Amino acid sequence: MKLPIEDRLREIYEELPRSERLLADIIIDFPGDLATHSISELVTRANTSNAAATRLIKRLGYKDFREIRKQAREAKAEGSPRYLHTLDHHSGDFKSEIKQHVDCEVQNLLRSFDALSEPMLKEIIECIEKADNIWVIGYGNSYMPAMYLRQQLVQLRQCVEILPRPGQAIEKDLSGLSERDLLIVVGYRRRKEIIYQLMKFAQDIGTRVLYVTDHSEEKTAGLANWTIRCMVKSTSLFDSYISGFSVLNYLCASVSDHLGRAASDRLARAERLHDIFSRIEEV
């Protein structure tokens, strides 16, 4: 399998004449445009020539631009973040850019919530209510959504922990994991291999597992009791987690509704403690 086009370009960049380097700059910065634009359009943007483009394509080892486009489209379909970044996003038309961004977010929300099923949601809510302990796992970009989930759930019930903790070995925290617990793994790309090992371990000992991920994840078979997929595509280089946070918010609100008086009593105690600590800080 060939290297990503932009990686190959970086390897030979210093060898390129200026006419080819102009096009290389466009491809390196906006590889997603390879999947959607003609070579003539890219040449025009780069202010170079078709002859320079032909030489660059041959230098990279491709027969023609169609071969490059095929590779770019495959990378984009697989969800590579670099191939979601396009020059069109920076067209200079502020209102159009904002509309494009908001439309994408709305579609992410609609598609994420369309994928939720009522029976699955009820099972997850009941498990959150009855589990002895809830362990929420998140690495890298997934840590903040995991922390958000923990911060909401801990207002509704006790024994909700976030892992990994700074400076702590995760295996020591999970050494007491049991079949009466719930493991919630937030795993957006790019995922660490350890989360698969954790879910497999949990399943082996009978711990129920909820996996919150995105549509680029393929390794879901047998990993979790429930999988929630959230759309994270964006009009820019960076994934958007708006739909992920919204789904988690809805899940926590549904848990609160299910718990009823128990949830409101716990929230009331938290508010009393907040008032006590606020008065202490004022002294």
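This section reports on the structure supplied with the text.

Here is what the cut-offs are and how they apply
- Residues numbered from 1 in each chain as written.
- Predicted model: local features only at pLDDT ≥ 70, side-chain atom pairs only at ≥ 80, totals over all residues.
- Heavy atoms only, no water.
- Helix = DSSP H or I, 4+ residues; strand = E, 2+ residues; numbered from the N terminus.
- Rg over C-alpha atoms; globule rule 2.2 N^0.38 Å.
- Buried < 20%, exposed > 50% of the residue type's maximum accessible area, 1.4 Å probe, protein only.
- Contact = heavy atoms within 4.5 Å.
- Areas by Shrake-Rupley, 256 points an atom, 1.4 Å probe, with all protein chains shown as cover.
- Lys, Arg positive; Asp, Glu negative; His and termini not counted.
- Charge placed at Lys NZ, Arg CZ, Asp CG, Glu CD.
- Axes fitted to C-alpha atoms, helices over the stretch in contact; angles between N-to-C directions.
- Parallel < 35°, antiparallel > 145°, perpendicular 65-115°, else oblique.
- Nonpolar A, V, L, I, M, F, W, Y, C, P; charged D, E, K, R; others polar.
- Polar contact = N/O pair within 3.5 Å; in protein donor to acceptor, adjacent residues only side chain to side chain.
- Phe/Tyr/Trp six-rings, centres within 6.5 Å; stacked < 30°, edge-to-face > 60°.
- Expected span 1.5 Å × (residues − 1).
- Arc of directions from axis to C-beta.
- Salt bridge = Lys/Arg side-chain N within 4 Å of Asp/Glu carboxyl O.

Our next topic: the overall build of the chain. Across its full length, the chain holds twelve helices and five strands. Expected size for 283 residues packed as a compact globule is a radius of gyration near 19 Å; at 24 Å, the chain overshoots this value by more than 25%. Taking the principal axes of its C-alpha atoms as reference, the chain extends roughly 75 × 45 × 40 Å. Across the 283 residues in the chain, those meeting the buried criterion constitute 44%. The long-range share in the chain, meaning contacts at least 24 apart out of those at least 6 apart in sequence, stands at 68%. Total accessible area computed for the chain in this model is approximately 15500 Å², and 53% of it derives from carbon and sulfur atoms. A gap of 3 Å separates the mean positions of the 40 positive and 42 negative side-chain charges of the chain.

Okay, the packing of helix 2 (residues 18–29) against helix 3 (residues 39–46) next. Where helix 2 meets helix 3, the axes come as close as 9 Å, and the angle between the chain directions of the two elements is 110 degrees. Relative to helix 3, the element helix 2 is oriented roughly perpendicular. On helix 3, the residues touching L22, L23 and I26 of helix 2 are I39, L42, V43, R45 and A46. In the contact of helix 2 with helix 3, the residues fall into seven nonpolar, no polar and one charged.

Let us look at the side chain of D239. Among the structural elements, D239 can be located in the loop between strand 5 (226–230) and helix 11 (242–259). At 2.8 Å, the side chain of D239 forms a polar contact with the side chain of R189.

Moving on to the packing of aromatic side chains. Tallied over the entire structure, the rule returns three aromatic pairs. Both rings, one in F113 and one in Y250, keep their centres 5.8 Å apart while their planes meet at 85 degrees; by these two values the pair is edge-to-face. With F113 in helix 6 (residues 94–114) and Y250 in helix 11, this residue pair connects regions lying 137 residues apart in the sequence. Judged by its relative accessible area of 28%, F113 is partly exposed. Judged by its relative accessible area of 41%, Y250 is partly exposed. An angle of 75 degrees between the planes, with centres 5.3 Å apart, marks the rings of Y148 and F245 as edge-to-face. Pair noted here: Y148 is in helix 8 (residues 143–153) and F245 is in helix 11, with a separation of 97 residues, a long-range link.

Our focus in this paragraph is helix 6. Across its 21 residues, helix 6 extends 30 Å between first and last C-alpha, which sits within 8% of the 30 Å expected from 1.5 Å per residue. Within helix 6, burial applies to E97, C104, E105, N108 and S112. Looking straight down helix 6, one finds that the buried residues subtend no more than 95 degrees of arc, so they occupy a single side. The outward face of helix 6, more than 90 degrees from its buried face, is lined by the exposed residues K95, K99 and D114. Lining the buried residues of helix 6 we find strand 5 and helix 11.

Here the idea is simple: oppositely charged side chains can pair when their charged atoms come close. Evaluation of the coordinates by the stated rule reveals 17 salt bridges. R55 is paired through a salt bridge with E20; the nearest N and O atoms lie 3.3 Å apart. With R55 in helix 4 (residues 50–59) and E20 in helix 2, this residue pair connects regions lying 35 residues apart in the sequence. For R55, a relative accessible area of 42% corresponds to the partly exposed category.

Note that L163 resides in strand 2 (residues 160–163). Here L163 falls in the buried class, since its relative accessible area comes to 0%. Taking the C-alpha atoms as reference, L163 lies 22 Å from E126; in sequence the two are 37 residues apart. Those residues within four positions of L163 in sequence are excluded, and the remaining contacts are W135, V136, I137, G138, Y143, I170, D173 and L174.

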